[in-house]
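Notes for the structure review
So you can see what is in the structure, the chains are spelled out below.
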Amino acid sequence: MSDWLSRAFRDIETAAMFAAVGAFIGLGQLLASQERITARIIVGRCISTAGIATAAGSVLVFVPSLSPVGQIGIAAALASLGTSGLERLFQRIVGGRSEP
């Protein structure tokens, strides 16, 4: 197998691992909540947190030598924050704090 193809498979494997970590965290948060659980909510939560966790791979642009354990930790942290937590964090960083 060519070096390029081997690297592509490793990258896909890493992204799938991030997505799985995010999906499990989303499912865990859902099970710990008081929300009424439906198949639609389960799938939606798993997809959204998997996407957020997969985005953690972008940290390699800034820290290319980061270990896989560090990458998984960042993915788990981002998935735990969720979309609303990341939105609030982004608003604070940008400076546009919106108060309800």
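Notes on the structure in this doc start here. Since the structure is predicted, the reported quantities are computational estimates derived from the model, not experimental observations.

**Description of the packing of helix α1 (residues 3–32) against helix α3 (residues 68–94)**
At their nearest, the axes of α1 and α3 sit 9 Å apart, and the two run at 35° to each other. Seen from above, α1 lies across α3 with right-handed handedness. Here Thr14, Met17, Phe18, Val21, Gly22, Ile25 and Gln29 of α1 lie close against α3, whose contacting residues are Gln71, Ile72, Ala75, Ala76, Ala79 and Ser80. Residue classes in the contact of α1 with α3 are distributed as eight nonpolar, five polar and no charged.

**Some details on the nonpolar core**
Counting six residues, the largest nonpolar core is built from Phe18, Ile25, Ala53, Ala56, Ala75 and Ala79. Secondary structure elements with two or more residues in this core: α1 and α3. What Phe18 contacts, discounting residues up to four positions off in sequence, is Ala53, Thr54, Ala56, Gly57, Gln71, Ile72 and Ala75.

**What about the packing of helix α2 (residues 39–54) against α3?**
The contact between α2 and α3 brings their axes to 8 Å, and the two run at 120°. It follows from the interaxial angle that α2 and α3 lie oblique. Between α2 and α3 the crossing geometry is right-handed. On the side of α2, the interface is formed by Thr49, Ile52 and Ala53, while α3 contributes Ala75, Leu78, Ala79, Gly82, Thr83 and Leu86. Among the residues making up the contact of α2 with α3, the classes are represented as six nonpolar, three polar and no charged.

Conventions used here
Residues numbered from 1 in each chain as written. Predicted model: local features only at pLDDT ≥ 70, side-chain atom pairs only at ≥ 80, totals over all residues. Heavy atoms only, no water. Axes fitted to C-alpha atoms, helices over the stretch in contact; angles between N-to-C directions. Helix = DSSP H or I, 4+ residues; strand = E, 2+ residues; numbered from the N terminus. Left-handed = near helix turned anticlockwise from the far one by under 90°. Contact = heavy atoms within 4.5 Å. Nonpolar A, V, L, I, M, F, W, Y, C, P; charged D, E, K, R; others polar. Core = buried A, V, L, I, M, F, W, Y, C linked by side-chain atoms within 4.5 Å. Buried < 20%, exposed > 50% of the residue type's maximum accessible area, 1.4 Å probe, protein only. Parallel < 35°, antiparallel > 145°, perpendicular 65-115°, else oblique.

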